[in-house]
Amino acid sequence: RRERRGAHLRLDRGRIAGMVLISDFDDFYQRAAALFRADPARVRYVVKYRHCDGSVVFKVTSDETCVSFASVEASDLKKLEQLNLLFLSNAG
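Residues numbered from 1 in each chain as written. Predicted model: local features only at pLDDT ≥ 70, side-chain atom pairs only at ≥ 80, totals over all residues. Heavy atoms only, no water.

Q: Explain helix α1 (residues 25–38) here, please?
A: What sets the pattern is the α-helix's 3.6 residues per turn: residues three or four places apart point alike. In a regular helix each residue adds 1.5 Å, so 14 residues correspond to 20 Å; α1 covers 20 Å between its end C-alpha atoms and thus fits that length. Looking only at α1, the buried set comprises Phe25, Phe28, Ala32, Ala33, Leu35 and Phe36. Projected down its long axis, α1 shows its buried positions confined to an angular sector of 160 degrees, all on one face. Residues of α1 that are exposed and point over 90 degrees away from its buried face: Asp26, Gln30, Arg37 and Ala38. (Helix = DSSP H or I, 4+ residues; strand = E, 2+ residues; numbered from the N terminus. Expected span 1.5 Å × (residues − 1). Buried < 20%, exposed > 50% of the residue type's maximum accessible area, 1.4 Å probe, protein only. Arc of directions from axis to C-beta.)

Dropping the structure here:
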């Protein structure tokens, strides 16, 4: 039996490809905000949604530090708005 593509996403292990996952979104948001405030020109974020397994991963990085949050709950997609507001309200 072949493993599905993307089987590297293991939410129960707490790691994705060498990145430490934060299990609580509020903690993740606080760390992402601190990264952004420290160096807004270098910090960026990526949101990855996989429809086939219903997973969403939020990743914020400054190349030196990376924080990420992953979930399989569809309701967590609404948390994307908070992350967008953090970056877009302070852009410019």
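Q: What exactly am I supposed to notice about the packing of α1 against helix α2 (residues 80–89) here?
A: Look at α1 against α2: their axes get within 11 Å of each other, and the N-to-C directions meet at 15 degrees. In this view, α1 runs roughly parallel relative to α2, as classed from their interaxial angle. By crossing handedness, the relation of α1 to α2 is classed as right-handed. Residues Phe25, Phe28, Tyr29, Ala32, Ala33 and Phe36 of α1 lie in contact with α2, whose contacting residues are Gln82, Leu83, Leu86 and Phe87. Looking at the contact of α1 with α2 residue by residue, the class counts come to nine nonpolar, one polar and no charged. (Axes fitted to C-alpha atoms, helices over the stretch in contact; angles between N-to-C directions. Parallel < 35°, antiparallel > 145°, perpendicular 65-115°, else oblique. Left-handed = near helix turned anticlockwise from the far one by under 90°. Contact = heavy atoms within 4.5 Å. Nonpolar A, V, L, I, M, F, W, Y, C, P; charged D, E, K, R; others polar.)

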